[in-house]
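Notes for the structure review
Listed below, chain by chain, are the residues.
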Amino acid sequence: MTVAVPRHFDMGQVIYLEGEPAEFVYILERGWVKATRITREGREQGLLFLRPVDIFGDIAVFAETTYPGTTTALESVDVWVIPSPMILELAKRYPDLALAIIRKLSERVLHYINLVEDLSLRSVEARLVYTLLRNAELCHGQLVVPRREWTTFDEMAVRLGTVRDVLSRALKALEVEGYIRVEKHAIVLLDPKSLAELTDR
């Protein structure tokens, strides 16, 4: 019995649209995907930025509703697609799978609680600093945030719930103050300890 079917999406290709029937759950095998909604003002608001091996489309399937956001491939993406009736049947049949799904959905709820808190209570600078620290990797003795091909200022602004100009000013301010250095392929964290103190601004 075939449970999951492989599918490929090219960079910029829409995987599903907000409001479409939730017919599938997706498991991300390769590449990055973003989930967004469009505000009344026409601005794109980032909900999730997904990496392997994240699952998406699951909330709508288990809530028996339409997809709450639009997902788009940020680069060349490979996914495994599971039809919604199949994942529902598997969850009924295998308690361990059901518990794993509940755990994942609970993590997603916590993510959205934090997102609401970030957007309503934290400044753009604080959200930027928190995101940089959370995504930093150790490279040659320095903490850096790699900039992938799609990590433009526009995409970073979507992720932080702001606009390009505001993000640019926040990055420039952090750079002038000596906290970071913005390079073509990475953002270098020059003073991570002092940077962490800015998250509550």
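Residues numbered from 1 in each chain as written. Predicted model: local features only at pLDDT ≥ 70, side-chain atom pairs only at ≥ 80, totals over all residues. Heavy atoms only, no water.

Side note on the overall build of the protein chain
Secondary structure assignment for the protein chain yields 7 helices and 12 strands. Against the globule reference of 17 Å for 201 residues, the protein chain gives a C-alpha radius of gyration of 18 Å, in line with a compact fold. Referenced to the eigenvectors of the C-alpha coordinate spread, the extents of the protein chain come out at roughly 60 × 40 × 30 Å. For the protein chain, contacts bridging at least 24 residues in sequence account for 71% of all contacts bridging at least 6. (Helix = DSSP H or I, 4+ residues; strand = E, 2+ residues; numbered from the N terminus. Rg over C-alpha atoms; globule rule 2.2 N^0.38 Å. Contact = heavy atoms within 4.5 Å.)

Points about the pattern of salt bridges
In total, this model carries 11 salt bridges according to the counting rule given. Asp-154 is paired through a salt bridge with Arg-164; the nearest N and O atoms lie 3.7 Å apart. Of this pair, Asp-154 sits in helix 5 (residues 153-160) while Arg-164 sits in helix 6 (residues 164-176), placing them 10 residues apart in sequence. The closest approach of N and O atoms between Glu-183 and Arg-181, which form a salt bridge, is 2.9 Å. You can call Glu-183 partly exposed: its relative accessible area is 32%. One salt-bridge network, in which partners are shared between bridges, spans Lys-34, Glu-44 and Glu-155. (Salt bridge = Lys/Arg side-chain N within 4 Å of Asp/Glu carboxyl O. Buried < 20%, exposed > 50% of the residue type's maximum accessible area, 1.4 Å probe, protein only.)

A closer look at the nonpolar core
Core analysis: the biggest nonpolar cluster contains 27 residues, and Ile-15, Tyr-26, Leu-28, Val-33, Phe-56, Val-77 and Val-79 have the highest contact counts within it. Of all the secondary-structure elements, those providing two or more residues to this core are strand 2 (14-16), strand 3 (24-30), strand 4 (33-38), strand 5 (44-50), helix 1 (58-63), strand 8 (77-83), helix 2 (84-93) and helix 3 (95-121). For Tyr-26, the residues in contact, after removing those within four places along its chain, are Ile-15, Tyr-16, Asp-54, Ile-55, Phe-56, Tyr-67, Val-79, Trp-80 and Val-81. Met-156, Leu-160, Ala-170 and Ile-187 belong to the second-largest nonpolar core, a separate cluster that totals 19 residues. (Core = buried A, V, L, I, M, F, W, Y, C linked by side-chain atoms within 4.5 Å.)

Details of the packing of aromatic side chains
Evaluated as defined, the whole model comprises 7 aromatic pairs. Where Tyr-16 meets Phe-56, the ring centres are 6.2 Å apart and the plane angle is 35 degrees; that geometry is what we call tilted. Of this pair, Tyr-16 sits in strand 2 while Phe-56 sits in strand 6 (residues 55-56), and the two are 40 residues apart along the sequence. Of the two residues, Tyr-16 and Phe-56, both sit in the buried class. These aromatic residues form a ring-pair network of at least three members: Tyr-16, Phe-24, Tyr-26, Phe-56 and Tyr-67. (Phe/Tyr/Trp six-rings, centres within 6.5 Å; stacked < 30°, edge-to-face > 60°.)

With respect to the layout of surface pockets
The calculated volume of the largest pocket comes to roughly 650 Å³. Lining the largest pocket are 23 residues; nearest its centre among them are Leu-48, Phe-49, His-111, Arg-134 and Arg-159. Contributing elements (two or more residues each) for the lining of the largest pocket: strand 5, helix 3, helix 4 (124-135) and helix 5. The element that contributes the greatest number of residues to the lining of the largest pocket is helix 3, accounting for 8 residues. Estimated volume of the second largest pocket: approximately 380 Å³. Asn-135, Val-145, Pro-146, Thr-151 and Arg-159 are, among the 20 residues lining the second largest pocket, the residues nearest its centre. Elements supplying a minimum of two residues to the lining of the second largest pocket: helix 4, strand 10 (142-146) and helix 5. Per-element accounting of the lining of the second largest pocket gives the leading share, 5 residues, to helix 4. The residue inventory of the lining of the second largest pocket, partitioned by class, reads 10 nonpolar, 3 polar and 7 charged. (1 Å grid on protein atoms, 1.4 Å probe; cavity = no way out; pocket = protein on both sides within 12 Å on 5 of 7 lines; lining within 4 Å. Points joined across faces, edges and corners; volume = space filled by probe spheres on them. Nonpolar A, V, L, I, M, F, W, Y, C, P; charged D, E, K, R; others polar.)

This is a description of form; function is not addressed.
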